[in-house]
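Fold and contact review
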Amino acid sequence: MKNIAVIGSGISGLSAAKMLNDKAIVTVYERENAIGGLVKCDRPQDILFHRVGGHVFNSKNKEVLDWFWGQFDKDKEFIKATRNARILIHDKIVGYPIENFLYQLPAEIVDKIIGDMLAIQGGVHKKPEEYPHFEAFLKGNFGEALYNLYFGPYNTKIWNLDLSTVPLEWLDGKLPMPNLKQMLMANIVREEEREMVHASFFYPKEEGSQFIVNRLAEGLSIKVNSPLTKLEKTAEGKLRINNEAEYDAVVFTGDVRALGSFYTNASEAQKAVLKSLENLRSNGTSNLLCECDATDVSWLYLPEAKFKAHRIIYTGNFAPSNNRGSQRTTCTVEFSGKHTVEEMVAEIAKLPGNLNMIDYNYEPNSYVVQDPDTRANISALKSLSAADGLYFLGRFGEWEYYNMDKAMEAAMEVTTQILG
Ligand SMILES: Cc1cc2nc3c(=O)[nH]c(=O)nc-3n(C[C@H](O)[C@H](O)[C@H](O)COP(=O)(O)OP(=O)(O)OC[C@H]3O[C@@H](n4cnc5c(N)ncnc54)[C@H](O)[C@@H]3O)c2cc1C
């Protein structure tokens, strides 16, 4: 059996470790004192707190679904829910995605949007790769009026960047691309959204996404408080970690920007690629766990610049057990970047639902921002490193805008490659 180290116990690392576990000797290294990475949850005042986001699961990939449900009892351990997302705009709640709910907007705005759409669709409707950047893509697809009302301000908040500096590589399969006919159909027959991967989703009955990682971790050998700080190739063709243990293969799910500083005897070609990845951009997220008034909404998007938060995730609606410890329902208010607690508490006073803060968290790295050459560089790094037995996986290992299911899909590819 091969001796394999997996660096990182987020969803990517644990999925890969689980897939390899009965076919190899696997050790997981986690630098933090707890497993889970971005999907970690805890329970301040016995209320479930997703420390980042509000992780729900679904996939369009049958192989991923089969593997995932092989780990759980779907009916006993999960709740299936339908996404009920809404947008707060001009002090009114409208449906999501906004282009399917134009009939809920003021007539003068709809007039401009329809004018834009007719002009766009009358011309040639370009493919995403034909646009130079994200801003051009959004304007080109949805027109100036819808861009100014929703897509521009909302995405500027989330990315915390000038959208004309955000390339489009990450977008692949992430946003449905409505054409005018679909938009008109949705507005006339008033169909709810169906295309997005999380239009319906599964959520653990207990302990949120922590339940998922805890189950995946069962039976694995995991070393917490164990950061990878040194990686070396040995003369015998192994990879040595932290001067202490040698492995036939290493799956790296940590931050690829940092690897150059601890892969001490990487080849000159690897060093050059790692150097080019050092300055990749990323964004952090601040989350405020709150009690709130009851609502049937699951996600409320807040595009307007007058709110610093960009969305409320009503995690208390995902599973009743999430609200244990509170007489009310609970939610997470999400802000892009770092904010002081005082600033966020002042902000929630402006939001609907009589929010009351319970806890907060700041995660410095949650969104990856690709540059136009990122995918080519990562691909070069993978090709150069596979011969050493070094593999890259995950949101920060591959610098991909993965959801959990995409991370599992990528774990399947990597583990198949390692096992041959
Ligand atoms: C706001 C937000 C909401 C989201 N919502 C959803 C959702 O609803 N559904 C969904 O499917 N996906 C969602 N996602 C995406 C999901 O969070 C990611 O796909 C997934 O968590 C990525 O897992 P990962 O293992 O690749 O990375 P991570 O979770 O970052 O795990 C990497 C792990 O490696 C460890 N590590 C790093 N460096 C080292 C080192 N040198 N040595 C040892 N360990 C190290 C870290 O501590 C961490 O535990 C969301 C993401 C965000 C940011």
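Section: unusual backbone geometry
- In this structure, the amide linkage connecting Tyr-96 to the following residue, Pro-97, adopts the cis form with an omega of 0°.
- Among the secondary structure elements, Pro-97 is positioned in the loop between strand E7 (92–95) and helix H4 (107–122).
- Here Asp-46, not a glycine, exhibits a phi torsion of approximately 65°, which is positive.
- Tracing the backbone through its elements, the reader meets Asp-46 in the loop between strand E3 (41–42) and strand E4 (49–50).
- Exposure remark for Asp-46: the relative accessible area of 32% places this residue in the partly exposed category.
- Residue Asn-242 is not a glycine yet carries a positive backbone phi of 50°.
- The topology assignment puts Asn-242 in the loop between strand E11 (239–241) and strand E12 (245–247).

Here we look at the state of the cysteines
- In total, this model carries 0 disulfides according to the counting rule given.
- The thiol sulfur of Cys-41 is not disulfide-bonded, and the nearest other cysteine sulfur, from Cys-331, lies at 15 Å.
- Cys-292 supplies the cysteine sulfur nearest to Cys-331, a cysteine that is in no disulfide, at a spacing of 3.8 Å.

With respect to the domain arrangement of the protein
- If you check the domain split of the protein, you get domain 1 (2–33 + 224–279 + 371–419) and domain 2 (97–192).
- The distance between the C-alpha centroids of domain 1 and domain 2 comes to 37 Å.
- Counting residues at the interface gives 4 residues for domain 1, matched by 6 residues for domain 2.
- Taken as a group, Pro-372, Arg-375 and Tyr-401 account for 82% of the area that domain 1 buries against domain 2, more than any other trio of residues on that side.
- Where domain 1 packs against domain 2, one counts 0 salt bridges.
- Inspection of the region where domain 1 meets domain 2 yields 0 residue pairs in polar contact (both at pLDDT 80 or more).
- Per-class residue counts for the side of domain 1 that touches domain 2 are 2 nonpolar, no polar and 2 charged.

A look at helix H7 (residues 208–217)
- When you tally the buried positions in H7, you get 9 out of 10 residues, the bulk of the element.
- Within H7, the full set of buried residues consists of Gly-208, Ser-209, Gln-210, Phe-211, Ile-212, Val-213, Arg-215, Leu-216 and Ala-217.
- Directly after H7, the chain includes Gly-219, whose backbone phi takes a positive value near 80°.

What to know about the pattern of salt bridges
- One pass over the full model with this rule turns up 29 salt bridges.
- With a closest N to O distance of 3.2 Å, Glu-246 and Arg-240 form a salt bridge.
- Using a relative accessible area of 34% as the deciding quantity, one classes Glu-246 as partly exposed.
- On the basis of relative accessibility, which here comes to 25%, the residue Arg-240 falls in the partly exposed class.
- We note a salt bridge from Glu-347 to Lys-350, for which the minimum N-O separation is 2.8 Å.
- Under the relative-accessibility criterion, Glu-347 is labelled buried at 7%.
- Through salt bridges with shared partners, a single network forms among Lys-230, Glu-232, Arg-240 and Glu-246.

Rules used in this analysis
- Residues numbered from 1 in each chain as written.
- Predicted model: local features only at pLDDT ≥ 70, side-chain atom pairs only at ≥ 80, totals over all residues.
- Heavy atoms only, no water.
- Helix = DSSP H or I, 4+ residues; strand = E, 2+ residues; numbered from the N terminus.
- Buried < 20%, exposed > 50% of the residue type's maximum accessible area, 1.4 Å probe, protein only.
- Disulfide = S-S within 2.5 Å.
- Domains from an automatic or database assignment.
- Contact = heavy atoms within 4.5 Å.
- Buried area = accessible area lost by both parts, 1.4 Å probe.
- Salt bridge = Lys/Arg side-chain N within 4 Å of Asp/Glu carboxyl O.
- Polar contact = N/O pair within 3.5 Å; in protein donor to acceptor, adjacent residues only side chain to side chain.
- Nonpolar A, V, L, I, M, F, W, Y, C, P; charged D, E, K, R; others polar.

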